[in-house]
Number of protein chains: 2
Amino acid sequence: MERHGEFQRIAEIARRLRMPSPDIALGIGDDAAVLAAVPDRQVLSVDAQVEGVHFARNLLTMNDIGYRAFVAAISDLAAMGARPRAALVALILPTELPESELYELIDGIADAQRNYGCPVVGGNLAAGSALSITTTVIGSASNSTLARSGCQVGDALYIAGELGSAALGLSLLQAGRSELGPHCVTRWRRPVARIDDALALLGLATGAIDVSDGLLQDTGHLAEASGVGFDIELERLPLHEELREAARALGIDSLTLAVSGGEDYGLLFTVPMSVSPPVGQRIGVATSSLGVRLIDDAGQQVTRTGDGGYDHFRRKT
Amino acid sequence: MERHGEFQRIAEIARRLRMPSPDIALGIGDDAAVLAAVPDRQVLSVDAQVEGVHFARNLLTMNDIGYRAFVAAISDLAAMGARPRAALVALILPTELPESELYELIDGIADAQRNYGCPVVGGNLAAGSALSITTTVIGSASNSTLARSGCQVGDALYIAGELGSAALGLSLLQAGRSELGPHCVTRWRRPVARIDDALALLGLATGAIDVSDGLLQDTGHLAEASGVGFDIELERLPLHEELREAARALGIDSLTLAVSGGEDYGLLFTVPMSVSPPVGQRIGVATSSLGVRLIDDAGQQVTRTGDGGYDHFRRKT
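All figures in this text were calculated on a predicted structure; none of them were measured in a lab. (Residues numbered from 1 in each chain as written. Chains lettered and ligands numbered in written order. Predicted model: local features only at pLDDT ≥ 70, side-chain atom pairs only at ≥ 80, totals over all residues. Heavy atoms only, no water.)

(A) Spatial organisation of the overall build of chain A. When its secondary structure is counted, chain A shows nine helices and 14 strands. Relative to the globule expectation of 20 Å for 317 residues, the C-alpha radius of gyration of chain A, 21 Å, shows essentially globular dimensions. Overall, chain A is about 70 × 50 × 25 Å in size when its C-alpha atoms are taken along their principal axes. The buried share of chain A, taken over its 317 residues, is 56%. Sequence separation of at least 24 residues holds for 82% of the intrachain contacts in chain A that already meet a minimum separation of 6. As displayed, chain A offers around 12,300 Å² of accessible surface, 48% of which is attributable to carbon and sulfur atoms. For chain A, the centre of its 26 positive side-chain charges and the centre of its 39 negative side-chain charges are spaced 2 Å apart. (Helix = DSSP H or I, 4+ residues; strand = E, 2+ residues; numbered from the N terminus. Rg over C-alpha atoms; globule rule 2.2 N^0.38 Å. Buried < 20%, exposed > 50% of the residue type's maximum accessible area, 1.4 Å probe, protein only. Contact = heavy atoms within 4.5 Å. Areas by Shrake-Rupley, 256 points an atom, 1.4 Å probe, with all protein chains shown as cover. Lys, Arg positive; Asp, Glu negative; His and termini not counted. Charge placed at Lys NZ, Arg CZ, Asp CG, Glu CD.)

(B) Region of interest: the relation of the copies chain B and chain A. Least-squares fitting of chain B to chain A yields an RMSD of 0.0 Å, with the transformation described by 0.0 Å of translation along the axis and a rotation of 180 degrees. Expressed as an axis order, the relation between the two copies is that of a two-fold axis. Relative to the rotation axis, the C-alpha of Pro-39 of chain B is the closest in chain B, positioned 3.0 Å from it. A symmetric contact is evident, with 100% of the interface residues of chain B recurring at the interface of chain A. (Least-squares fit on C-alpha atoms with pLDDT ≥ 70 in both.)

(C) Examining the sheet that holds strand β3 (residues 41-50) of chain B more closely. Ordered by their spatial adjacency, six strands build an open sheet running β1(A)-β2(A)-β3(B)-β6(B)-β4(B)-β5(B), and the pairing between neighbours is mixed. Strands with a single pairing partner mark the edges of an open sheet, and in this sheet they are β1 (24-26) of chain A together with β5 (120-127) of chain B. Each strand of the sheet is rotated relative to its neighbour by a mean of 20 degrees, with strand direction disregarded. With two bridges connecting them, β1 of chain A and strand β2 (residues 33-35) of chain A associate as antiparallel partners. Each residue of the ladder has a partner; that of Ile-24 of chain A, found in β2 of chain A, is Leu-35 of chain A. Along the sheet face, helix α2 (residues 62-80) of chain B touches β1 and β2 of chain A together with β3, β4 (83-93), β5 and β6 (132-141) of chain B and points at about 30 degrees away from the line of β6 of chain B. Of the strands in this sheet, β4, β5 and β6 of chain B are in contact with helix α3 (residues 99-115) of chain B, which crosses β4 of chain B at around 170 degrees. (Pairing = 2+ DSSP bridges. Axes fitted to C-alpha atoms, helices over the stretch in contact; angles between N-to-C directions.)

(D) Summary view of the side chain of Ser-171 of chain B. Take Ser-171 of chain B: it is sitting in helix α4 (residues 165-175). Look past the residues within four positions of Ser-171 of chain B in its chain and what remains in contact with it is Leu-250, Ile-252 and Leu-257 of chain B.

(E) Here's a closer look at the pairing of strand β11 (residues 281-287) of chain B. Residue and element names in this part refer to chain B. Of the pairings in the sheet, the one linking strand β7 (residues 156-160) to β11 comprises four bridges and is antiparallel in character. Note that in β11 the partner of Ala-156 across the bridge is Val-285. Where strand β9 (residues 229-233) meets β11, four bridges bridge the pair, whose relative direction is antiparallel. By the bridge assignment, Phe-230 is partnered in β11 with Ala-286.

(F) Examining helix α8 (residues 241-250) of chain B more closely. Residues and elements named next belong to chain B. Along α8, the positions that sit buried rather than exposed are Glu-242, Leu-243, Ala-246 and Ala-247. Looking straight down α8, one finds its buried side chains confined to an arc of 110 degrees; they lie on one side. Opposite the buried face of α8, at more than 90 degrees from it, the exposed residues are Glu-241, Arg-244, Glu-245 and Arg-248. Against α4, α5 (182-189) and α9 (254-260) lie the buried residues of α8. With its phi angle positive at about 75 degrees, Gly-251 sits one or two positions after the end of α8. (Arc of directions from axis to C-beta.)

(G) Quick look at the packing of helix α4 (residues 165-175) of chain A against helix α8 (residues 241-250) of chain A. All names here are of chain A. Contact geometry of α4 with α8 gives a least axis separation of 11 Å together with a crossing angle of 35 degrees. Pair α4 / α8 crosses with left-handed handedness. From α4, Ser-165, Leu-168, Ser-171, Leu-172 and Ala-175 reach across to α8, where they touch Glu-242, Leu-243, Ala-246, Ala-247 and Leu-250. In terms of residue class, the contact of α4 with α8 is made up of seven nonpolar, two polar and one charged. (Left-handed = near helix turned anticlockwise from the far one by under 90°. Nonpolar A, V, L, I, M, F, W, Y, C, P; charged D, E, K, R; others polar.)

(H) Expanded view of the interface of chain B and chain A. Listed by partner, the interface residues are 56 residues for chain B and 56 residues for chain A. In total, about 4,000 Å² of surface goes out of reach between chain B and chain A, with carbon and sulfur atoms giving 60% of it. The largest contributions to the chain B side of the interface with chain A come from Asp-31, Leu-44 and Val-46 of chain B, which together make up 17% of the buried area. Taken together, chain B and chain A are joined by four salt bridges. (Buried area = accessible area lost by both parts, 1.4 Å probe. Salt bridge = Lys/Arg side-chain N within 4 Å of Asp/Glu carboxyl O.)

(I) Here's a closer look at empty space enclosed by the protein. Evaluated as defined, the whole model comprises two cavities of 30 Å³ or more. Within this model, the largest cavity holds a volume of roughly 70 Å³. Taken together, Val-50, Ile-92, Gly-128, Ser-129, Ala-130 and Ser-132 of chain A together with Ile-92, Gly-128, Ser-129, Ala-130 and Ser-132 of chain B form the lining of the largest cavity. Forming the walls of the second largest cavity are Val-38, Asp-40, Gln-42 and Arg-85 of chain A together with Val-38, Asp-40, Gln-42 and Arg-85 of chain B. Among the residues making up the lining of the second largest cavity, the classes are represented as two nonpolar, two polar and four charged. (1 Å grid on protein atoms, 1.4 Å probe; cavity = no way out; pocket = protein on both sides within 12 Å on 5 of 7 lines; lining within 4 Å. Points joined across faces, edges and corners; volume = space filled by probe spheres on them.)

(J) Up close: the packing of aromatic side chains. Per the stated rule, a full pass over the model turns up two aromatic pairs over all chains. A ring pair is formed by Tyr-158 of chain B and Phe-269 of chain B, whose centres lie 5.5 Å apart and whose planes are at 15 degrees; its orientation type is stacked. Of this pair, Tyr-158 of chain B sits in strand β7 while Phe-269 of chain B sits in strand β10 (residues 266-271), and the two are 111 residues apart along the sequence. A relative accessible area of 11% places Tyr-158 of chain B in the buried class. Just above the ring of Tyr-67 of chain A sits the side chain of Arg-190 of chain A; from NZ or CZ to the centre is 4.2 Å. (Phe/Tyr/Trp six-rings, centres within 6.5 Å; stacked < 30°, edge-to-face > 60°. Lys NZ or Arg CZ within 6 Å of the ring centre and 35° of its normal.)

(K) Structural view of the pattern of salt bridges. Residues and elements named next belong to chain A. For the structure shown, the criterion picks out 34 salt bridges over all chains. Measuring nitrogen to oxygen at the nearest pair gives 3.3 Å for the salt bridge that ties Arg-68 to Glu-263. In this pair, Arg-68 sits in helix α2 (residues 62-80) while Glu-263 sits in the loop between α9 (254-260) and β10 (266-271), placing the two residues 195 residues apart along the sequence. There is no split in this pair, since Arg-68 and Glu-263 are both buried. A cluster of three or more residues bridged by salt bridges with shared partners is formed by Glu-12, Arg-15, Arg-16 and Asp-107.

(L) Region of the structure containing the sheet that holds strand β6 (residues 132-141) of chain A. Judged by pairing direction, the sheet is mixed, and its six strands sit side by side in the order β5(A)-β4(A)-β6(A)-β3(A)-β2(B)-β1(B) without closing on themselves. The sheet is open, and its two borders are formed by β5 (120-127) of chain A together with β1 (24-26) of chain B, each paired with just one other strand. Each adjacent strand pair in this sheet contributes to an overall mean axis angle of 20 degrees, direction not counted. Bridge count for strand β3 (residues 41-50) of chain A against β6 of chain A is 10 bridges, and the pairing is antiparallel. Bridge assignment links Ser-45 of chain A to a residue of β6 of chain A, and that residue is Val-137 of chain A. Each of β3, β4 (83-93), β5 and β6 of chain A together with β1 and β2 (33-35) of chain B is contacted by α2 of chain A, which is oriented at about 30 degrees to β6 of chain A, the strand it contacts most. Most of the contacts of helix α3 (residues 99-115) of chain A go to β4 of chain A, to which it runs at about 170 degrees, and overall it touches β4, β5 and β6 of chain A.

This is the structure we're talking about:
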């Protein structure tokens, strides 16, 4: 009986996700999906969003939850310079979740799959105590891919996308002050994966990662994988105009948002200093000295304070 | 701090899952994995196993839980006649789960990936209230694939593998009577995905599905997808020798186990009546009359009784 309900739900989900693609030989409905043969390398990633850990249902619509779960997965393809081909979505659903909310979630996923040209070709439904959305994406990489490990000492560090906007958006929603930063609230609800930027960087970028954990942490990953360090010039960070003012109104340090805020999904990459990449803004340089340093406009290293913020004025001795 | 622990865990997981393959251009550790270019169609499936829904930690070791989660996903590739290439494993872990149990789970996954020649190339770790394992598999299909939809009226129905063994194994574990059916207990703990059988059937089988929900239900899926019906001859069902006796000792109907028991992952398929397939046992025939019928040795249709069992003697009027 329960199983019958599951099959009906799958049919309705498949209807809402229908998205024709010449790349799909067999979509939702069999034991597995079949993608057309292509002469490219295949790029694979999986991302899980868990209620209470990655999102709260009181701050987002189900539509937003579906949308951003999809983008979080797609962003990993951007980080590799891969073109999205297809996705699989495994849902764990609390039994008390109304059907209408499930379909709202699916519609959010459907929006995202269309925006990124990446049809959902399969998935799984299971019951469980907490809502979770696990999205697998497969992409295609023709000649080269991007990777974390290729940064060279002396390369310029760039960011394509915003920093701190999503984190501010979340803070505004939590404070009930969305009106102070509507753009940033939208960026948190509907983040942007930078696929086109990544494709434009193939053959130019030496190393790349998407900023999901925050600039400082993800620069650290890039540094570690490449065996280099980075100096980041704070004055060069691309902060949306809402950031400074809205953060002040909330009593949050905008710099903390910019360097520690996650889920903006900007594309962080390096190019040789002689290259002018077609996208992004230069924010730093790869160094032989390991670790990641934040440098203020006086050329001095900024250090972290005990409360997790940054001391803009204290000079390292 | 928590994140740092996560990166250490990922490094230890990657170490336990290390499995070199010329098919992998880039494995665990970057934003996504990269598989070599191949001239084949790509087959994709995802399966989730949730604690309290698909398994209980008191009946299985963590090693078994990992192993069977992997096989459940691989079995969907068998159903399509695809050769496994790679897998991604997304884990939701209760915060109180000891590290040692996590690694036991990973070691079970590592056993399975080696047995099926299907390296784990990526994954995701998230915290959550209940343990779940979501496994995505990608396989390669050269010329043809199997599908649910190709069965023709008059085709013979075959099963490769056992029926009811896993269900009996579970019942024995629940009753604390494992000694009555050690083979079946092993089949529940360590199921078998029939990849080699499936590859041997490419170009021969007209339709196929793996039996994860139970013979009756999965034959129904085959029937529905192909627009045919099936007569199943009960006396032909391949029941392991433990099944009849152990089921009687537990007071369970062995026929119920055989037709309704899931998680055996047998391969159910059809071939034209003129074909003798290299694997499997013939159990029935595809009919123009829709639905699935169970036929006893007197040629009479067996019906289901109110308690969910089957009346072996009552004849349909």
